[in-house]
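One letter stands for each residue in the lines below.
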Amino acid sequence: MMKSLKEISWEVPEDIYRQDPALSYSTLARYEREGFSKVDHLFDKVESPSLLLGSIVDCLITDGQEEFDRRFLVAEFPAIPDSIITIVKDIFSTYSEVYTSLSNIPDDYIITFAQKYNYQPNWRPETRAKVIREKGSEYYNLLYLSTDKTIVDTETYKVATDMVDALKNSPITGSYFSPDNPFDDTIGKYYQLKFKATLHNVDYRCMADLITVNYKDKIIYPIDLKTSFKHEYEFYKSFIDWNYQIQARLYWRIIRNNLDRDEYFKDFKLDDYRFIVVSRDLHPLVWYFHNTTALGELVYGRHNNIIMRDPEEIGMELRKILDNKPIYPEGITSRDNDIVDWINNNM
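Residues numbered from 1 in each chain as written. Predicted model: local features only at pLDDT ≥ 70, side-chain atom pairs only at ≥ 80, totals over all residues. Heavy atoms only, no water.

Undergrad: Please explain the nonpolar core as it appears in this structure.
TA: If you look at soluble globular proteins, the nonpolar side chains tend to sit buried side by side. Counting residues in hydrophobic clusters, the biggest one holds 47 residues, and the most contacted among them are Leu 5 and Phe 195. Of all the elements in the fold, those that place two or more residues in this core are α2 (25–34), β3 (187–199), β4 (202–214), α10 (235–241), α11 (244–260), β7 (274–279) and α12 (311–324). With 9 residues, α11 is the single largest residue contributor to this core. Those residues within four positions of Phe 195 in sequence are excluded, and the remaining contacts are Leu 5, Ile 8, Ser 9, Trp 10, Tyr 204, Arg 205, Cys 206, Ile 211, Ile 254, Ile 255 and Asn 258. Grouped together as the second largest cluster of nonpolar side chains are 26 residues, Ile 84, Tyr 140, Leu 142 and Ile 151 included. (Core = buried A, V, L, I, M, F, W, Y, C linked by side-chain atoms within 4.5 Å. Buried < 20%, exposed > 50% of the residue type's maximum accessible area, 1.4 Å probe, protein only. Helix = DSSP H or I, 4+ residues; strand = E, 2+ residues; numbered from the N terminus. Contact = heavy atoms within 4.5 Å.)

Pasting the structure below:
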């Protein structure tokens, strides 16, 4: 009798998943990009147009329109710089119970937030407040209507739905997102399954966009969906920029760990990670990573100048920092430090 992969997954709501202290790809990748000096801000919430677009596409593909309507509010409003949206959101969370309109909030209060986010520091303070008020007032009002939903402008929503249509209708990617065939139970598709694993005494978690199980041949295909501002054919650049090798190798190991601990799934092959990529060009592509199961450091590039550390090496290092809260990064001592040695090893 076939067994659902969901049965061995970590079945918790997404908010519980996000709050769990186990390390995730995003945390490891951010630490690897930003380094020791930014550890205190490692878990700060990050918002950007690309992340919002990706969230919308993920939601529409994996959860459907009903879930999208629960989480998002589509509204038509003038184009607003992301910097002002960030400021207005913060002002709203602080003063919405006192001031029902941005126009009623004193300049001094708005200037404080402009300084907090270093908004147009060369402008006069009153000019900064005036521009934020003029450009952000309508958005401030929309925040009352949205309650706990994320506001999406109509243009972004249109781009997202076009991407979803392209993914579902493309001859390259359509089969990945087609509904399960009720007359063929040899193929199972699972969206957003969550898993946890402890690897070398460090706890990790992951949420996979899509996992397809071929029950007949006992092969499991892990898949991640990426929306990109680059052309789909340039995804290899994004792979380096965002260190997606961490995600592929870490997710594979977490999923494999769970498969190995289950009598039914332990003999299934877990294939290399695949990334399905779509951009505004609407020409989706599939990229696979044949080093998914590789251990240790990866070296790429025509001149061997792209060096990518093993996820678990990063994880053990970061876990030690988070637990012990050292003043200096590992290798720096309170005695003399060798400048040349640090240049050669870190630059």
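Undergrad: Please explain empty space enclosed by the protein as it appears in this structure.
TA: The rolling of a water-molecule-sized probe over the atoms marks out the regions of remaining empty space. Per the stated rule, a full pass over the model turns up 1 cavity of 30 Å³ or more. If you add up the space inside the largest cavity, you get close to 30 Å³. Forming the boundary of the largest cavity are Ile 61, Thr 62, Phe 177, Tyr 191, Asp 209, Leu 210, Ile 223 and Leu 225. For the lining of the largest cavity, the secondary-structure elements that each account for two or more residues are α3 (49–62), β4 and β5 (219–228). Grouping the amino acids of the lining of the largest cavity by side-chain chemistry returns 6 nonpolar, 1 polar and 1 charged. (1 Å grid on protein atoms, 1.4 Å probe; cavity = no way out; pocket = protein on both sides within 12 Å on 5 of 7 lines; lining within 4 Å. Points joined across faces, edges and corners; volume = space filled by probe spheres on them. Nonpolar A, V, L, I, M, F, W, Y, C, P; charged D, E, K, R; others polar.)

Undergrad: Would you mind going over unusual backbone geometry with me for this structure?
TA: What you tend to see is this: most non-glycine residues have negative phi, and most peptide bonds are trans. The phi dihedral of Gln 120 is positive, around 40°, even though this residue is not glycine. For Gln 120, a relative accessible area of 33% corresponds to the partly exposed category. Phi at Gln 192 is positive, roughly 55°, even though this residue is not glycine. Looking at the secondary structure, you find Gln 192 in strand β3. With a relative accessible area of 15%, Gln 192 lands in the buried category.

Undergrad: Looking at this structure, how should I read α12?
TA: Because the α-helix completes a turn every 3.6 residues, residues three or four places apart line up on one side. Helix length check: α12 (14 residues) gives 20 Å between terminal C-alpha atoms against 20 Å at 1.5 Å per residue, within 8%. Among the residues of α12, Pro 311, Glu 312, Ile 314, Gly 315, Leu 318, Ile 321 and Leu 322 are the ones counted as buried. Where the residues of α12 are buried, they touch α2, β3, β4 and α11. Looking at where α12 begins, the residue whose side-chain oxygen comes 2.8 Å from the main-chain nitrogen of Glu 312 is Asp 310. Following α12 by one or two positions, Lys 325 adopts a phi angle in the positive range, close to 50°. (Expected span 1.5 Å × (residues − 1). Polar contact = N/O pair within 3.5 Å; in protein donor to acceptor, adjacent residues only side chain to side chain.)

Undergrad: Honestly, the packing of aromatic side chains in this entry has me stumped. Any pointers?
TA: The description of two aromatic rings rests on the distance between their centres and on the angle between their planes. Under the defined criterion, the tally for this structure stands at 29 aromatic pairs. An angle of 70° between the planes, with centres 6.4 Å apart, marks the rings of Tyr 99 and Tyr 109 as edge-to-face. Of the two residues, Tyr 99 sits in the loop between α5 (82–95) and α6 (107–116) while Tyr 109 sits in helix α6, which places them 10 residues apart along the sequence. Relative accessible area serves as the criterion here: at 19%, Tyr 99 is assigned to the buried category. Pairing Phe 235 with Phe 239 gives two aromatic rings, centres 6.4 Å apart and planes at 70°, and the pair type is edge-to-face. (Phe/Tyr/Trp six-rings, centres within 6.5 Å; stacked < 30°, edge-to-face > 60°.)

Undergrad: Help me understand the environment of Asp 262 in this model?
TA: Relative to the elements of secondary structure, Asp 262 occurs in the loop between α11 and β6 (269–270). For Asp 262 and Tyr 25, which are 237 residues apart along the polypeptide, the C-alpha to C-alpha distance reads 24 Å. In terms of polar contacts, Asp 262 uses its side chain to reach the backbone amide nitrogen of Tyr 264, at 3.0 Å.

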